[in-house]
Amino acid sequence: MPSPPPLPTRQDPTRAPRWGWIIALGAAGLLLMVLAFALRSIERPMQLTLAAEQILPLEGQAFQVDLKRRLPWPWQARSDNPFNLYRSELLLFEDGRSLGPPHAPYDQVHRDGGGGYLHWARLLIFSTPDHTDPRTNGRGYEIRFKAGVSYRILRQLADIGGLLLLAALGAALWKQRRAAARAIAAGARHLRRRYRDYLLAGLIPTAVSLAALWLIPPLWNGSDSTIWLLWQLNWIPHHPPAYPLFMAAVNTLFEGAPQILRVTQWIQHLAYILAIAYLASAYRVGWQILLVSALACVGGGLNLFAHGFFTEGLATPLTLLLLGALLRLHRDGLTAGVAAALGLALLAASLSRHALLILGVLPVAYLLILAILSRGKAAGLLVIAQAVALVVAVGVANSAVNRYVSLLLDAQETSIIGRVGVYRIQAAYELVPPAARPAWLAAIGARAADPAVQEALPLLAQTPNPWTGPRDAIAATPALYGQHPDAIMNAGYRAFAYALDPYAWRQMGQELGRAIVGIGSSSYCPGQISCLLGGSAVSIEAVFPADPRNRTATAGTGAEHVETAADYRALAAHPLTRFLDILLPLIPLQRLLFLAASLALALAAAVLTRDARIGALAAALWLGALAYALALTFITVVLPRYLSPIDTLVWVSNGVCLVALLARTRTA
């Protein structure tokens, strides 16, 4: 007689943790945050008549109206704020006639009058053209604007969602506490076993950083450097959040320019040392570790970007961390640890500079090229799909973090890529024969359906100071009142970039050439090192004296003394600097020779080693450099220091290929 089947037993909950409620908690938090982001994009046109009893006098010629009391729940008028001085699209009318200019400085409104106004927080502050009292002059006043969902509601939704996500993460970590403890213990054992390798990998970048801290004064990047001293968080709408948040944190803990500068230098130098140590320790042989460490240090600008207020002070170490994870992908395959390192490094790098998100091509390209070179034996489609999913997840996370930080600060999310596009438009405009320029602008404008964009295109092409000039000109043009300058410039750049016009394409080609072979000359930025030193001298001689706020910001750092510029110029003329410039050239011919020699080294390593993995790794690094050059061409401005990621990728490729060739020689 067969025995009855065993009765089902209840599993021990400590062995089979229930994840349903944790997933639900995290999903609820994510849903609330997505809802807050979605609601922030909703707009509702509104029109209000200002009654005399709602208008209150201020000082001088100025009067105010509290708009919050006039709007139904949950709407709120979107006003200008410290993060965007042109966000409000409010229009003010007197007896049907448009007043202006909008976004006027408060001092101008209350002192000069003339019909200017500003919309700040919940208040509309304005004056009349003839300096009369709007409550008694018998005229009617009306406003038109776009309202959005109340910031308080959006902030509450996002905060609750964020807390729920943190609670879910905390619960998940608690569920996995034993596994986490085992992983920490394994990591500690790994560090004890390989600590000599890590010390060896950090030896060269440590020596370089100490030499810089001992011998070289702090480096400056014009007004961009003092921005990080003066208004760190206010720069977030124009920059990814990582560096502004970093500088704000340092500023909170250490008050005063000399202290902030000193602490920032040490943190950034330490980041370089740790990043290069992580990168080089992907190898396990002493001479290989030293060689890769040295060449990675060269590619990172010999840690000099860490020596002042440069966003590269964080962006370059984070790029090196990403490359260290790529070398571990090359060594170990796409393990869970490697995937985590790739994802976190790519996310952190892209949050320090948007264009670095393009380096997500590196792991995907490596696996795909490896599969092709090894005829599908090395990496299957599933692994490649996992790498693609990882990069897509990082892109989504990058967008979510940027949106969340912008929402917390109530900062404008409008892209400023149009400001970069103005440089392209003005450069192409100069290529057009003068007699043909009006027709050229008309043809570009015909591609834009918005009449405001057509009106603004001559301003984009002809106004000096491309970064701020066209923006201010748009804001001061009566026909464009109520239009966000960045939105108009974005649309104008799209019309230009998609025009398939020979002058536009010629300019884009020139820009791509600058991104690849450099923009230096014998008298201007022959190499990265002299460029950093010379730029610091120019900052002290010409940039800082032009604005008294710079003097206040740099007090005590040495940059307030014009004589200090001579120190930078002497260092720039030093023979050692000239030699280092050869390793990081910016003069087109020299850079072209450097790139050609590096590419020849990569091809030699791929052919002579007959190792598909080396060929795939070198090809992925070069493909990443090309992708970044394309990103520079279309979404940012090509400056000498912006070529640093290309230098980093090329020098790491040189290190990988030299190690492969030398290892083959020693084996033979």
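Bear in mind that the values here come from a model prediction, so they are computed numbers and not experimental data.

> Tell me about the overall build of the chain, and please be specific about residues and values.
Looking only at helices and strands, one finds 25 helices and nine strands in the chain. Here the C-alpha atoms of the chain give a radius of gyration of 29 Å, agreeing with the 26 Å that 2.2 N^0.38 yields for 668 residues. Taken along the three principal axes of its C-alpha coordinates, the chain extends 95 × 90 × 50 Å. By sequence separation, contacts in the chain at least 24 residues apart represent 77% of the contacts at least 6 residues apart. With the model as given, the accessible surface of the chain reaches about 31,000 Å², and the carbon-plus-sulfur share is 65%.

> Can you lay out a positive patch on the surface for me, pointing to particular residues and giving the numbers?
Together, Arg189, Arg192, Arg193 and Arg284 give the surface a local cluster of positive charge. Looking at where arginine 193 falls in the secondary structure, it is placed in helix H4 (residues 177-215).

> Help me get a handle on the packing of aromatic side chains, residues and values and all.
In the structure shown here, the tally under the stated rule is 11 aromatic pairs. With a centroid separation of 5.0 Å and 80° between ring planes, the pair formed by tryptophan 228 and tyrosine 243 is classed as edge-to-face. Taken together, the residues tryptophan 228 in helix H5 (residues 223-230) and tyrosine 243 in helix H6 (residues 242-253) connect sequence positions 15 residues apart. Both residues of the pair, tryptophan 228 and tyrosine 243, belong to the buried class. Consider the rings of phenylalanine 305 and phenylalanine 310, whose centres lie 6.0 Å apart with planes at 75°: the pair is edge-to-face. A relative accessible area of 1% means that phenylalanine 305 is categorised as buried. Its end group placed over the ring of phenylalanine 93, arginine 144 keeps NZ or CZ at 4.1 Å from the ring centre.

> Describe the pattern of salt bridges, with residues and values.
Counted by the stated rule, this structure contains 26 salt bridges. Among the ionic pairs, aspartate 112 bridges to arginine 111, the shortest N-O distance being 3.3 Å. A residue is classified by how much of its surface remains accessible, and aspartate 112, at 38% relative accessible area, is partly exposed. Residue arginine 111 is classed as exposed on the basis of its relative accessible area of 52%. Salt bridges linked by common partners bring Glu43, Arg78, Glu89 and Lys146 together as one network.

> Describe the packing of helix H13 (residues 417-431) against helix H17 (residues 485-497), listing the residues and the values that go with them.
Two elements in contact, H13 and H17, have axes separated by 8 Å at closest approach and are oriented at 45°. In this view, H13 runs oblique relative to H17, as classed from their interaxial angle. The handedness of the crossing between H13 and H17 comes out as left-handed. Here H13 contributes Ile417, Gly418, Arg419, Gly421, Val422, Arg424, Ile425 and Ala428 to the contact with H17, which in turn contributes Asp486, Met489, Asn490, Gly492, Tyr493 and Phe496. Across the contact of H13 with H17, the residue classes break down as seven nonpolar, four polar and three charged.

> Account for the layout of surface pockets, naming residues and giving values.
Considered as a void within the structure, the second largest pocket measures approximately 1,000 Å³ in volume. Listed by contribution, the elements that provide at least two residues to the lining of the second largest pocket are helix H1 (20-40), strand S4 (75-77), strand S9 (141-149) and helix H3 (151-175). By residue number, the principal contributor to the lining of the second largest pocket is H3, which donates five residues. Counted by class, the lining of the second largest pocket contains 15 nonpolar, 12 polar and 12 charged residues.

> Summarise the sheet that holds strand S3 (residues 63-66); cite the residues concerned and give the values.
Taken in spatial order, the four strands make up an open sheet running S2-S3-S8-S7, and their pairing is antiparallel. Either end of the sheet is taken by a strand with one partner, and the two such strands are strand S2 (56-57) and strand S7 (117-120). One ladder, built from four bridges, connects S7 with strand S8 (residues 123-126); its direction is antiparallel. Of the residues in S8, the one forming a bridge with tyrosine 117 is phenylalanine 126.

> Could you give an account of the state of the cysteines, with specific residues and numbers?
Taken as a whole, this structure holds one disulfide when the rule is applied. Shown here is the disulfide that connects cysteine 525 with cysteine 531, its sulfur atoms set 2.0 Å apart. Between cysteine 525 and cysteine 531 the sulfur-sulfur dihedral comes to about 60°; the bridge is accordingly right-handed. Of the two residues, cysteine 525 and cysteine 531, both sit in the buried class. Between cysteine 297, a free cysteine, and cysteine 531, which holds the nearest cysteine sulfur, the sulfur-to-sulfur gap is 19 Å. Residue classification places cysteine 297 among the buried residues on the basis of a relative accessible area of 1%. This cysteine, cysteine 657, is not joined by any disulfide, and cysteine 297 carries the nearest cysteine sulfur, 19 Å off.

> Go over the packing of H4 against helix H8 (residues 286-299), please, and point to the residues and values.
Following both chains from N to C, one finds H4 and H8 inclined at 30°, their axes separated by 9 Å at the closest point. With respect to each other, H4 and H8 are oriented roughly parallel. Classified by chirality, the crossing of H8 by H4 is right-handed. Residues Arg194, Asp197, Leu200, Ala201, Ile204, Pro205 and Val208 of H4 touch H8, and the partners they reach there are Gly286, Ile289, Leu290, Ser293, Ala294 and Cys297. Looking at the contact of H4 with H8 residue by residue, the class counts come to nine nonpolar, two polar and two charged.

> Give me the lowdown on the side chain of serine 293, citing residues and values where you can.
Assignment of secondary structure puts serine 293 in helix H8. Take serine 293: its relative accessible area is 0%, and that puts it in the buried class. From its side chain, serine 293 meets the backbone oxygen of alanine 201 in a polar contact 2.8 Å long. Aside from chain neighbours lying at most four places away, what touches serine 293 is Ala201, Ile204, Pro205, Ile276 and Ala280.

> Run through the side chain of asparagine 81, naming residues and quoting values.
When you line up the elements, asparagine 81 lands in the loop between S4 and strand S5 (91-94). Of note is the side chain of asparagine 81, whose polar atom sits 2.9 Å from the backbone nitrogen of phenylalanine 83. Contacts of asparagine 81, omitting those with residues within four sequence positions, involve Arg87, Trp120 and Asp410.

> Describe empty space enclosed by the protein, naming the residues involved and giving the relevant values.
Taken as a whole, this structure holds two cavities of 30 Å³ or more when the rule is applied. For the largest cavity, the calculated volume is near 40 Å³. Every residue along the wall of the largest cavity is listed here: Glu312, Ala315, Thr316, Thr319, Arg353, Leu356, Pro645 and Thr648. Going through the elements one at a time, helix H9 (312-332) and helix H25 (644-667) are the ones with two or more residues in the lining of the largest cavity. Here the lining of the largest cavity takes four residues from H9, the largest share from any one element. Roughly 30 Å³ of volume is contained in the second largest cavity. Lining the second largest cavity, in full, are Asp80, Ser88, Leu90, Pro102, His103, Tyr117, Leu118 and His119. Here the residues of the lining of the second largest cavity sort into four nonpolar, three polar and one charged.

About the criteria used
- Residues numbered from 1 in each chain as written.
- Predicted model: local features only at pLDDT ≥ 70, side-chain atom pairs only at ≥ 80, totals over all residues.
- Heavy atoms only, no water.
- Helix = DSSP H or I, 4+ residues; strand = E, 2+ residues; numbered from the N terminus.
- Rg over C-alpha atoms; globule rule 2.2 N^0.38 Å.
- Contact = heavy atoms within 4.5 Å.
- Areas by Shrake-Rupley, 256 points an atom, 1.4 Å probe, with all protein chains shown as cover.
- Patch = residues over 30% accessible without salt bridge, like charges linked within 9 Å, V, L, I, M, F, W, Y side chains within 5 Å.
- Salt bridge = Lys/Arg side-chain N within 4 Å of Asp/Glu carboxyl O.
- Lys, Arg positive; Asp, Glu negative; His and termini not counted.
- Charge placed at Lys NZ, Arg CZ, Asp CG, Glu CD.
- Phe/Tyr/Trp six-rings, centres within 6.5 Å; stacked < 30°, edge-to-face > 60°.
- Buried < 20%, exposed > 50% of the residue type's maximum accessible area, 1.4 Å probe, protein only.
- Lys NZ or Arg CZ within 6 Å of the ring centre and 35° of its normal.
- Axes fitted to C-alpha atoms, helices over the stretch in contact; angles between N-to-C directions.
- Parallel < 35°, antiparallel > 145°, perpendicular 65-115°, else oblique.
- Left-handed = near helix turned anticlockwise from the far one by under 90°.
- Nonpolar A, V, L, I, M, F, W, Y, C, P; charged D, E, K, R; others polar.
- 1 Å grid on protein atoms, 1.4 Å probe; cavity = no way out; pocket = protein on both sides within 12 Å on 5 of 7 lines; lining within 4 Å.
- Points joined across faces, edges and corners; volume = space filled by probe spheres on them.
- Pairing = 2+ DSSP bridges.
- Disulfide = S-S within 2.5 Å.
- Polar contact = N/O pair within 3.5 Å; in protein donor to acceptor, adjacent residues only side chain to side chain.

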